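Notes for the structure review
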Amino acid sequence: MSDMQDFRPSRRGFLGLAGGAAALGLAAPAPARAQAIATKAKIVILGAGAAGAGMANRLVERLDGAEITLVDGRKQHWYQPGFTLIASGLKPASYSVSGTGDWLPKGVKWVEEYAANIDPEGQVITTAGGEKLPYDYLILATGLTLDWASIEGFSLDQVGQNGIGAVYAGPDYAAATWRAMDEFTSKGGVGLFGRPATEMKCAGAPLKYTFITDDYLRRKGTREASQIIYAANNATLFSVPVVNEKVKLLFGDRGFDTRWNHILTGIDAEAKTAHYKIPEQRVLNPDGTVTVTPEKTTAIAYDFTNVIPPQRAPQVVRESGLSWADKWVDQGWIEVDQGSLRHLRYPNVFGVGDINGVPKGKTAASVKWQIPVVEDHLVAEIAGREGTAVYNGYTSCPMITKIGRAMLVEFDYKNNLTPSFPGVIAPLEELWISWLMKEIALKPTYNAMLRGKA
Amino acid sequence: MKDLTFETLIAVFEEIFGRGLFWTMVAVAAVVTVAYLYVLIRDRHLSARKFLAAQLFMPIGAIAAVLFVQWVTHSGFGDIGGPVDWIVLLGVAGMGAVGIAILVYTVQALIAGKSPKAAE
């Protein structure tokens, strides 16, 4: 009996931990721990966020004597999966904030500046302060930039007032978004949501926030007098077909008004109106003719909106010549092999995280699976072997459908669902256990990933 | 679960309950467990009467545990969505029931003091 007493918290915790493991994809193929390989290699990691810090912690374990330098001007580390919870009033802004330096291992050098130039031919990085950092191997873990400037009439100082939210902008902006959403849901009105037409990090987040706002309207008794509009950037709600169908069903169930092919171009904060472009549509008719609907613009009035801007590779990466020349040309993601995450033209360059030009994988859970792959190929290269690890596109999204329930959605490049607990936790079911994972277990698991554990 | 270390587990608990509450709960659980073992060893037997009283408290412990978990996770009964959720809920309730039974038994035994076997 006393054993049971002791066991009580651990069992609950274990469930939670197992959940976090699912969400962050702990089932990733991990290379066997071998003796550290002696090397004098100069390795530069651009970016000390989740991908960069996690990568550095793994490499110091695997390599002995390597000169590892991280380049990142950002002093704060942001736990980005927490932004939705902050913007839902469940956590304070401080929930997502720690220090970049807190996560870096001993034995690496952190240059607290942004990179100004990447020269993959000369194998040298130049920092904003002019410092030259030559490298043998380069790991790009820069993350992406949010292109707020491309939303005409919008600026971040509007967030939190006049019904404008911007969950993605950072912990304080997420908290300001909560203030605006709280005010809106108390009164009711038109809630307007959507996503950009570029690739984006956590494509489930725009949907989650729509569901959560709907939930608050219902809890406060203002849903009847309100309208929720979701302006999708194309003809789908989610890139994975089976998930898309499920989300469509839920949108129908919740009574959301979905508009298709709406690309946000501007915000008029005074008039509380969002402006959209609807690209030219071509439809093939049964008789073989094509009906062309020319591009047009439209506007939607709102009382509350969550602005999510186009997302692109940072300028320094786009100018480096490492981007795809024929894909995502307006976004600049780097040209890596989807399986090995190694650059296709510069084999001593690798990518981890949001910066990779691969069809899926812009989530923290993906980083969890990408780190061991890059680690394997890089360490093998240094040891004079051939790496074997393959990234399968694993991406995970705890899709919150109301406060207290979520769907644990996990998938790969081929749009297969890849549930971590098949037969136990159904991927397309709205479950309390999936919510517990998102709210409780994800952050400790994420932190373990940053430290190179888990 | 490749690296389910003790350190990671502790981090998860601190995250769930908050650092202060978690360590307070650990301390309480440890004290109750030690006290329970103490009265068992002291009395050299399990009192059926005290055990019956302890069992009467089990539903209260079960309900309290469920409400507590719901409170720390901002959720409620309406969020139960499938069989696995019921299993988790029942598991939490079961642990609450067992926990309070041990607590009530221990408290009774401590209050009653060392009783001769004839008192049964």
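As the structure is a prediction and not an experimental result, all values here were calculated from the model. (Residues numbered from 1 in each chain as written. Chains lettered and ligands numbered in written order. Predicted model: local features only at pLDDT ≥ 70, side-chain atom pairs only at ≥ 80, totals over all residues. Heavy atoms only, no water.)

1. Things to note about the domain arrangement of chain A
All names here are of chain A. Worth spelling out the cut-off: Domain segmentation is taken from an automatic or database assignment of domains. In this description, contact between two residues means that some pair of their heavy atoms is separated by no more than 4.5 Å. Accessible area that two parts lose when put together, evaluated with a 1.4 Å probe and summed over both, is termed the buried area. For this analysis, a salt bridge means a side-chain nitrogen from Lys or Arg found within 4 Å of a carboxyl oxygen belonging to Asp or Glu. N or O atoms closer than or at 3.5 Å make up a polar contact, with two conditions inside protein: a donor-capable atom paired with an acceptor-capable one, and, for residues adjacent in sequence, both atoms drawn from side chains. In this text, helices come from DSSP runs of H or I with a minimum length of four residues, and strands from runs of E with a minimum of two, each type numbered from the N-terminal end. We call Asp, Glu, Lys and Arg charged. Ala, Val, Leu, Ile, Met, Phe, Trp, Tyr, Cys and Pro are nonpolar, and the rest, Gly among them, are polar.
According to the domain assignment, chain A consists of domain 1 (11-144 + 313-395 + 445-450) and domain 2 (148-311). Once you take the C-alpha centre of each, domain 1 and domain 2 turn out to be 30 Å apart. Each side of the interface is counted separately: domain 1 has 22 residues, and domain 2 has 23 residues. Taken over both partners, the interface formed by domain 1 and domain 2 buries close to 1,700 Å², and the fraction arising from carbon and sulfur atoms is 64%. Its largest share of buried area at the contact with domain 2, domain 1 owes to Phe-83, Thr-84 and Ala-87, together 28% of the area lost on that side. On inspection of domain 1 and its partner domain 2, the count reaches zero salt bridges. Our count for the contact surface shared by domain 1 and domain 2 stands at six residue pairs in polar contact (both at pLDDT 80 or more). When residues of the side of domain 1 that touches domain 2 are assigned to their parent elements, the largest contribution, three residues, is made by helix H3 (residues 83-86). Here the side of domain 1 that touches domain 2 is built from residues that sort into eleven nonpolar, seven polar and four charged.

2. What to know about the confidence of the model for chain B
Residue and element names in this part refer to chain B. What counts here: Scored from 0 to 100, pLDDT reflects the predictor's confidence in each residue.
Across chain B, pLDDT averages 86, with 88% of residues at or above 70. Ranking the elements of chain B by mean pLDDT puts helix H1 (residues 6-17) last with 72 and helix H4 (residues 58-72) first with 94. ipTM for the predicted complex: 0.78, alongside a pTM of 0.87.

3. So, the pattern of salt bridges
All names here are of chain A. Selection criterion: For each residue, the accessible area found with a 1.4 Å probe, counting protein chains only, is set against the maximum for its type, and the residue is called buried under 20%, exposed over 50%, and partly exposed in between.
Applying the stated criterion across every chain yields a total of 21 salt bridges over all chains. Its salt-bridge partner being Glu-430, residue Arg-254 comes within 2.9 Å of it at the nearest N-O pair. Placement of Arg-254 in helix H6 (residues 241-254) and of Glu-430 in the loop between strand S26 (405-411) and helix H9 (432-450) is noted, with a sequence separation of 176 residues between them. You'll find Arg-254 and Glu-430 in the same group, each marked buried. Across the salt bridge formed by Arg-312 and Asp-330, the nearest N and O atoms sit 3.9 Å from each other. Taken as a pair, Arg-312 in strand S23 (residues 311-312) and Asp-330 in the loop between helix H7 (315-318) and strand S24 (349-351) lie far apart in primary sequence, 18 residues in all.

4. Describing unusual backbone geometry
Residues and elements named next belong to chain A. For Cys-202, which is not a glycine, the phi torsion comes out positive at approximately 40°. Assessed through its relative accessible area of 17%, Cys-202 is described here as buried. The phi dihedral of Asn-261 is positive, around 55°, even though this residue is not glycine. Take Asn-261: it is sitting in the loop between strand S16 (257-259) and strand S17 (263-268).

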